[in-house]
Structures are given as structure tokens and as C-alpha cells.
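# Understanding the architecture of this molecule
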Amino acid sequence: MSASKRFQGANTLSRYHQNFLERLPSEILHKILSYLDAATLICIGHVSKSFYQRANDEALWRNIYRRLLNKKSINMVRKMHEIYTLESQAQPVDGWKLHYIRTRDAWARKKWRTHLGVISRHTGLPSHTDQILRNITWELTATDRSNRETTYDLSFLRFFDTSVVLCWYGNWPDYHHISTIQLHGVRRIALTCPGLKAPGWRSFMEMIDMETVTKGMQDYGQDQVIELKLLKPHIVMGLWKGQHHIAFVIITLHFHKLLERSTQGSSVWPYVDPVVQPPFDDIDPDYGLHGYHLHIVLHSSEYQIMSECFPQLFCHRDQICNGLVRLTAIDGTFFWQHKPLSGDITLPWKCEALQGQIKDRCFMTLTLLDEFNKPFWCFSSSVSTKCKEMPFSVLYATEQFLIHYQDSDGEVMMTIVQGEKEKQLYLVNLAVYVSTGKLNKYFGKDY
């Protein structure tokens, strides 16, 4: 027998095995599929158009939904108006499959709300935020000049005390060819679908107009391979040196309201925080501010450099000047307040085949709680160090570094020095300046 005939025979046999299940009577095939769970049915639906139709049969998904309810508390089911009872046989408007997925999602969100009720006394944020966010992923969607969209899956992420750092790398185009980049949070249903994306919902979080941001794009450091560009304070883009092609995009996000922003928006509209009545402050404005609590973290994309809490911060009325309220966390004249840092201030980066680090760059995550222990000012942003020539103290080397962050809500000033012998870095000055405009709007005062 010739080689071509043997190949044709093998190909025919392969097609025979592939079509064996499809050639079964529909009753037998339906019986086989009825023993499968939801994840397996979804996987089978990707085999062919025929299997997609059979795996989406309403009767199959109604039985899977009934099995789901049998595992849950009947009392819980009755409290959720959108869930059909076991006795109901009416087909939901959205179909049994989507109804099953929505029910699983509703139970997951109910469980999340329970975890969110435990508040950390150090940060004023839910203690289990990072655990809940592990059920969420994030996607970037780049739209080119021809309105063609390309979605990039998250490459890696790192959780810190009050923030998460997200990174995307891969086959990015020349950034001049991109018109917009959109960030979406994606919550997926906990189904084991090897090699396939589990079904879920996208929540629009932010859009970057590349034409606008590139006009004011700031240089943020470089090494021998990568040039960093600052699109926004919390968004860093890495370009291959001497080129316009994107190597990676890094975004840092603060935990405050991050779960809501990542899950409760629609695919085209972001989550809108409900309007909250300003808290009643019975303290005389002439007395100033008191009882504020600061939690601040310095971290890179991979490791934590510092994490400290500073309670009972205050500012007297006569210390308010130039529209800013100063809250001093570390006074440089008191040596016992100085805080050592863990490691150097650098920003590691990596892509598919290469890795490196940019010196004197890192991220700052700040959480300022008001006198009621509620988040008042929260952000996570990239920052950089600048050398200061004047020596700070005879206890340290002459080299000093300044970190300055500023936005419409206020400023943060930090001074870092290096030990003369052990080369240890110390934070020796830390002051937070809050805008009086933010205070007046928040409390309805007139500072």
C-alpha cells in the first residue's frame, strides 16, 4: 500500500472517531451529557457547532440549576428574589444556562459582602480585600486607529497591604498606532474549565486617550533596554529603548472601592460611588484637625519597601497656610521616629524573555483616615526620588533623597537618607498636606 493511501485511511479513521459521538441518537447523547457538570458542559461546547448546540440545551441546564439549589440552603434561596424556586418550571427570560451563572455569581457576591464586614484597625479597609480580589482579574483592551480591538490578559499581579500592582506584556504594537486603552475588571464564575476562560462579566474602570496623554507623557527613567513613560500617576508604560513599541504596561490600584469598581460597573460605564452625607463634625473649626490616622506603603512591582502606621495626627488652626493642612507623621529632629526601609528603591520590570530594574523609582500607596476612622484620602501612585545636596544629620551620610507627590487633594513630602556605614536607608521626614478645599467639601466647614 502506498504512503498516500495509508494517510487517506488514517485520516478517514480519525474523522470516524471524531464524529462517533455526533452520530449517536440524540436521546443517547442527551443522556450522556446529563451526567456532566457545568464546567464540563462549557468545555464540550467549544468542540464544534453541533456540540455547542447540544451543550446549551435548556433541559440540561435546568437540571444543573436544580442540582445547584439542592446544595444550597433553601432559606438563602428564598431571600434572593431573582432565583427561581425548585418547584418553578418556567424558563427564565435569559435562559437556564445564564440564569445558573448569574445565581453562582450572586452567591459569590453575598459571600464577599460577609468578608468585607471585617475592617482592619490599621488601614481602615476590609481585612480580606486581597483574598476577595483573587476572584477578580483585569484586562486591557487596546483600540487602534482603525477601531480594531485587541484584548490583553493579565500577565502577573502582586498584592500589597493596601494596593495591587498589575502588569501586562506581550505582542504590543507601536503606541502611536493605538487610539485608546481601556481597563476592565472581570469577575469570572468559579468553574474548572482547563484551557478556557470561565464565563463572567466585565466592569469598565478607566479609558486612556493615547493621543491626549502622549502629548504630556513624562519620562520616568530608563535602563539599557527599557524607557519608562508616565501616562498617569498610577500607570507606567515601558517602551523598548529607541523604539515606539510597548514592552509592558504596569498599573497600581488602591484597595479603596476597588472591588466595587472592578465588579459593579457595566462593560461601557464605570461604577459610580453613591453620594454619602458628610459626617457631622462637632469640633470647633478653630480647634483644627485631630485624630487622623495615616497608613503609608512604599513598594516596587515585586516587593514591599516600607509599611507604617501613624495614628493621632493633628493640625492646629493657626498651622493651616497656603490652603494646605499639614499633618506631620515623622519629625526629622526626633531620631527615634526614623524608620528603616527594607531594600533599595528600585522598580523591577519583566516581560516574556527579559527582566531588569530602574533605579530610584517605586510606588507609594497612602490611606488617610479621618477622626471617624473612615477613608478620607486614598491613592496609589508611582513616585521617584531626587537627590538633596544638604546633609541632614551627622548620623547619616551626606546623601539624601526627596520624594514629593502632589495632586488636587494634597501633597506628600518624604526625606530618605542613607546610613554612613551599613548603607541602610531611613525615612527621616514625612508630612502630609491636605487641601482645605477637600476638607471643606467633605465636612461642610470653612477652613
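The structure we're discussing is the one just above.
The present account deals with the structure reproduced in this document. This structure is a prediction, so every number in the text was calculated from the model and none was measured. (Residues numbered from 1 in each chain as written. Predicted model: local features only at pLDDT ≥ 70, side-chain atom pairs only at ≥ 80, totals over all residues. Heavy atoms only, no water.)

## Focus: the packing of aromatic side chains
Inspection of the entire model under this criterion finds ten aromatic pairs. Between the aromatic rings of Tyr65 and Trp96, the centroid separation amounts to 5.4 Å while the plane-to-plane angle is 45 degrees, which identifies the pairing as tilted. Taken together, the residues span a long stretch of sequence, with Tyr65 in helix α5 (residues 58-71) and Trp96 in helix α7 (residues 96-115) at a distance of 31 residues. A residue is classified by how much of its surface remains accessible, and Trp96, at 3% relative accessible area, is buried. Between Phe376 and Tyr442, the ring centres sit 4.8 Å apart and the planes meet at 75 degrees, which makes this aromatic pair edge-to-face. With Phe376 in strand β18 (residues 375-388) and Tyr442 in helix α11 (residues 436-443), the pair connects residues that are 66 residues apart, well separated along the chain. (Phe/Tyr/Trp six-rings, centres within 6.5 Å; stacked < 30°, edge-to-face > 60°. Helix = DSSP H or I, 4+ residues; strand = E, 2+ residues; numbered from the N terminus. Buried < 20%, exposed > 50% of the residue type's maximum accessible area, 1.4 Å probe, protein only.)

## Remarks on the environment of Gln218
You can see Gln218 is positioned in strand β7 (residues 218-222). Looking at Gln218, the relative accessible area reads 48%, which means it is partly exposed. Sequence spacing of Gln218 and Lys232 is 14 residues, and the spatial spacing of their C-alpha atoms is 8.9 Å. Once residues lying within four places of it in the same chain are set aside, the contact partners of Gln218 are Leu228, Lys229 and Leu230. (Contact = heavy atoms within 4.5 Å.)

## Structural notes on the sheet that holds strand β5 (residues 178-188)
Spatial ordering of the open sheet is given by β2-β1-β5-β6, a layout of four strands whose pairing is antiparallel. The sheet terminates laterally at β2 (149-153) and β6 (200-209), the two strands that pair on one side only. Within this sheet the neighbouring strands show an average axis-to-axis angle of 25 degrees, counted without direction. Packed onto the sheet, α7 meets β1 (136-144), β5 and β6 and runs at close to 70 degrees relative to β6. (Pairing = 2+ DSSP bridges. Axes fitted to C-alpha atoms, helices over the stretch in contact; angles between N-to-C directions.)

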